[in-house]
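For reference, the chains in residue letters:
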Amino acid sequence: MKSVRTLFLALCLVAVLSSCAAPPPASVQPSATQDAPASSANIARAAVEPSAFLDLDPSAACTAELWILNNVYETLTRYTPTGSAEAIEPGLATSWSASDDGLTWTFHLREGVTFHDGAAFDASAVKQSVERTQRLGQCAAYLFEPISEIETPDPYTVVFKLSQPAPLDAIMASPYSAWITSPLIADKDAAWFAAGNEAGTGPYRYERYEPGQRLVVQRYEDYWGGWEPGQFDTIIFELLDDSVVAEQMLRAGQLDFVNQLIITPDQMAGLDGVEGLRLDTAPSVANWIINLNHRRAPTNDVRVRQALAYSFPYTTVVANAVLGKGTLAHGAVPAGVWGQDPEPQPYIEDLDKARSLLEEAGYGDGMEITFSYDPPEEPTAELWQANLAKIGVTLNLEPADITTRWEPARRSPELAPEAFMLRWAPDIVDPYSYLFNLFHSEEEPLWNMGFYNDPAFDALLEQARLETVTDPAAATADYIAAQRMLADDAAAIYALDVPELNIIAGDIQGYVTNPAYSHMPYWYDLRREQ
């Protein structure tokens, strides 16, 4: 499990940095249609980053490929947008239930569904798809580790036997590794998918693939959901590794959708209000966390960590970062995720309190620490640096992309920076994703970059995980208690709950941000205003 989770987590953060996926393909060249506005009423164009073509196998895809695959493949269940009556809705499964002990899950499947290659969608296809993902062991395949047996009592019923309780309805809604694939591709390898082949059930199928340039999807005429006038027939996903080119294409009406991983918030601010464009903002389930190193002085002293937490300019960062659209964090679990601590975190900007704690810890004459972060967070780093200077602390700034700074830091905790910033987004929308990955003790650290180690915290976290299905109220209480343990230890600084930002063509209708599927428009639901 550890090696698979390492790969998944590394790729998740690679997706945040468009230059980190692999040696980037050549910059996209305008296609024959780029001289004209983005499209007719039934054609849309979206920008994708270089990692969008890193691996098109839906069992292995772990980065921006998901922006495309979300329209070609489907999952048994789907997360709903924030504020919906139910957190999870039917997908390829129409209903599901769990046994009282959480060890048996039964899914009833949608009838009348076909894969793009003509194969029928049924229980045996689901069994084969999940087993293929388990066998490949890539991306988030570890989510399926609790599944010990899959039974198919009839063509439209699948029964999953688990070795331990797990929220399988949420797992089956994950955009990572939960896509259902045709049984006809069980033995296909990455090269087959990289050649522009697919086998999903979604509303769109591949029409043309130009590696390193673009991928065009066309509507699947036999889609089970049917088609209505005004829906998009064609979506063109343009690979763009240049934010200036992306901005130019937006201004020229040659793109309909671009997100904050392709152009900067400052560019977005300049585009907001431009005729034919609009800025769409909404809460996400991602956050900025600054882990504090427990394995080296001075941050191995809880008083120093508390002082650093009191020194952080929370409200100023919220007002100035990501266009002022973020929100104050309550802790490691962001708003919109069940199990978040409803109480505000105990630390607010209080330089007098920070100075007093430093004096108590023996650093009244000052100290020097290092802060590692991604280059786009430079303004936040400079704000914190200025605050710390007021209380005699020198903050050395070390900006670098995550692929450069992560590996050496995790390999040498005693030499790693005292403060290490991450942007975290979950595999499933569950407190465990944040609390386990960022704070659970490990012999070989992965993303616990503060090297936090508390057996009592670990035990509480595991208890909450097992209660998630059998006793959700107890799980919620335990997750909140775990977050308060972290607060008492000043294990990290919770800088910001990050918003999702997109620039969208003004005539696109129907887009609603779904935080579980960050930057993944479901084009079947969208229309162009006539």
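This text goes with the structure placed above it.
Before going into details, it helps to say that this report is about the structure given with it.

Thresholds, definitions, all that
- Residues numbered from 1 in each chain as written.
- Predicted model: local features only at pLDDT ≥ 70, side-chain atom pairs only at ≥ 80, totals over all residues.
- Heavy atoms only, no water.
- Helix = DSSP H or I, 4+ residues; strand = E, 2+ residues; numbered from the N terminus.
- Rg over C-alpha atoms; globule rule 2.2 N^0.38 Å.
- Buried < 20%, exposed > 50% of the residue type's maximum accessible area, 1.4 Å probe, protein only.
- Salt bridge = Lys/Arg side-chain N within 4 Å of Asp/Glu carboxyl O.
- Arc of directions from axis to C-beta.
- Axes fitted to C-alpha atoms, helices over the stretch in contact; angles between N-to-C directions.
- Parallel < 35°, antiparallel > 145°, perpendicular 65-115°, else oblique.
- Left-handed = near helix turned anticlockwise from the far one by under 90°.
- Contact = heavy atoms within 4.5 Å.
- Pairing = 2+ DSSP bridges.
- Expected span 1.5 Å × (residues − 1).
- Core = buried A, V, L, I, M, F, W, Y, C linked by side-chain atoms within 4.5 Å.
- Phe/Tyr/Trp six-rings, centres within 6.5 Å; stacked < 30°, edge-to-face > 60°.
- Lys NZ or Arg CZ within 6 Å of the ring centre and 35° of its normal.
- Disulfide = S-S within 2.5 Å.

## A word on the overall build of the protein
On a plain count of helices and strands, the protein comes out with 15 helices and 18 strands. The globule rule puts the C-alpha radius of gyration for 530 residues at 24 Å, and the 23 Å found for the protein is close to it. Considered along the principal axes of its C-alpha atoms, the protein spans approximately 70 × 55 × 40 Å. Classification of the 530 residues of the protein by burial places 58% in the buried group.

## Side note on the pattern of salt bridges
Within the structure shown, the criterion is met by 24 salt bridges. Between Asp57 and Arg132 there is a salt bridge, with the nearest N and O atoms lying 2.8 Å from each other. Highlighted residues: Asp57 in the loop between strand 1 (43-48) and helix 2 (66-69) and Arg132 in helix 3 (residues 123-136), separated in sequence by 75 residues. Across this residue pair, the class does not change: Asp57 and Arg132 are buried. Among the ionic pairs, Arg219 bridges to Asp233, the shortest N-O distance being 3.4 Å. Taken together, the residues span a long stretch of sequence, with Arg219 in strand 9 (residues 214-219) and Asp233 in the loop between strand 9 and strand 10 (234-239) at a distance of 14 residues. On the accessibility criterion, Asp233 (24% relative accessible area) is partly exposed. Among the ionic contacts, a cluster of salt bridges with common partners joins Arg45, Glu207, Arg208, Glu210, Arg214 and Glu238.

## Quick word on helix 12 (residues 402-411)
Among the residues making up helix 12, those that are buried are Ile402, Arg405, Trp406, Ala409 and Arg410. Along helix 12, the residues classed as buried sweep out an arc of 110 degrees about the axis, all on the same side.

## With respect to the packing of helix 13 (residues 431-439) against helix 14 (residues 455-470)
The description of two helices packed together rests on the angle between their axes and the distance between the axes. As a packed pair, helix 13 and helix 14 sit with axes 11 Å apart at the nearest point and diverge in direction by 150 degrees. Judged by the angle between their axes, helix 13 and helix 14 are roughly antiparallel. Along this stretch, helix 13 crosses helix 14, giving a crossing that reads as left-handed. The residues of helix 14 that touch helix 13, namely those facing Tyr432, Leu435, Phe436 and Phe439, are Phe457, Asp458, Leu461, Glu462 and Arg465.

## Brief notes about the pairing of strand 15 (residues 419-424)
Of all six residues in strand 15, six are buried, a share of seventy percent or more. Neither face of strand 15 is left uncovered, since the one carrying Ala419, Met421 and Arg423 and the one carrying Phe420, Leu422 and Trp424 both have all their residues buried. As defined by bridge partners, strand 12 (residues 277-292) adjoins strand 15 across six bridges and the pair is classed as antiparallel. The residue of strand 15 that forms the bridge with Ile289 is Leu422. By the bridge criterion, two bridges tie strand 13 (residues 367-373) to strand 15 in an arrangement that is parallel. The partner of Ser372 across the bridge, within strand 15, is Phe420.

## Focus: helix 3
Over its 14 residues, helix 3 extends 20 Å from the first C-alpha to the last, a length consistent with the 20 Å expected when each residue adds 1.5 Å. For helix 3, every residue scored as buried is listed here: Ala123, Ala125, Val126, Ser129, Val130, Arg132 and Thr133. Residues of helix 3 that are buried sit in contact with strand 5 (104-109), strand 6 (147-154), strand 7 (157-162) and helix 5 (190-194). Of the residues flanking the end of helix 3, it is Gly137, one or two places downstream, whose phi is positive at about 65 degrees.

## A closer look at the nonpolar core
Among the nonpolar cores identified, the biggest contains 169 residues, and Leu76, Phe160, Trp384, Phe439 and Trp523 are the most heavily contacted of them. By residue number, the principal contributor to this core is strand 16 (residues 492-505), which donates 10 residues. Other than its neighbours up to four places away in sequence, Trp384 contacts Ile290, Leu308, Ser311, Phe312, Pro313, Phe371, Leu395, Ala419 and Ile493.

## So, the packing of aromatic side chains
The geometry of an aromatic ring pair is captured by the separation of the ring centres together with the interplanar angle, meaning the angle of the planes. Taken as a whole and assessed by the stated rule, the structure comprises 27 aromatic pairs. Plain terms: the ring middles of Tyr223 and Trp224 are 5.1 Å apart, the flat faces sit at 45 degrees to each other, and that makes the pair tilted. With relative accessibility at 30%, the residue Trp224 sits in the partly exposed group. Sitting above the plane of the Tyr517 ring, Arg78 keeps its charged end 4.4 Å from the centroid. Sitting above the plane of the Tyr522 ring, Arg78 keeps its charged end 5.1 Å from the centroid.

## Overview of the sheet that holds strand 5
Strand order in the open sheet formed by four strands is 4-5-7-6, with antiparallel pairing between adjacent strands. Both edges of this open sheet fall to strand 4 (93-98) and strand 6, since each of them pairs with a single strand only. For this sheet, the mean angle separating the axes of adjacent strands, direction not counted, is 20 degrees. Where strand 5 and strand 7 come together, five bridges link them in antiparallel fashion. Bridge pairing in strand 7 places Thr104 opposite Lys161. Packed on one face of the sheet, helix 3 meets strand 5, strand 6 and strand 7 and runs near 165 degrees to strand 6.

## Quick word on the state of the cysteines
Under the defined criterion, the tally for this structure stands at one disulfide. Note on cysteine connectivity: Cys62 is disulfide-linked to Cys139, with sulfurs 2.0 Å apart. What sets the handedness of the Cys62 and Cys139 disulfide is the S-S torsion sign, and at about 80 degrees it is right-handed. You can see Cys62 sitting in the loop between strand 1 and helix 2 and its partner Cys139 sitting in the loop between helix 3 and strand 6, a full 77 residues away along the chain. Residue Cys62 is classed as buried on the basis of its relative accessible area of 2%.

## Remarks on the environment of Gly225
Within the fold, Gly225 resides in the loop between strand 9 and strand 10. With 203 residues separating them along the chain, Gly225 and Ile428 place their C-alpha atoms 25 Å apart.

## Some details on the pairing of strand 14 (residues 393-399)
Where a strand is regular, its side chains alternate between the two sheet faces. In the sheet, strand 13 pairs with strand 14 via seven bridges, with the strands oriented parallel. Among the inter-strand pairings, Phe371 is bridged to a residue of strand 14, identified as Leu397.

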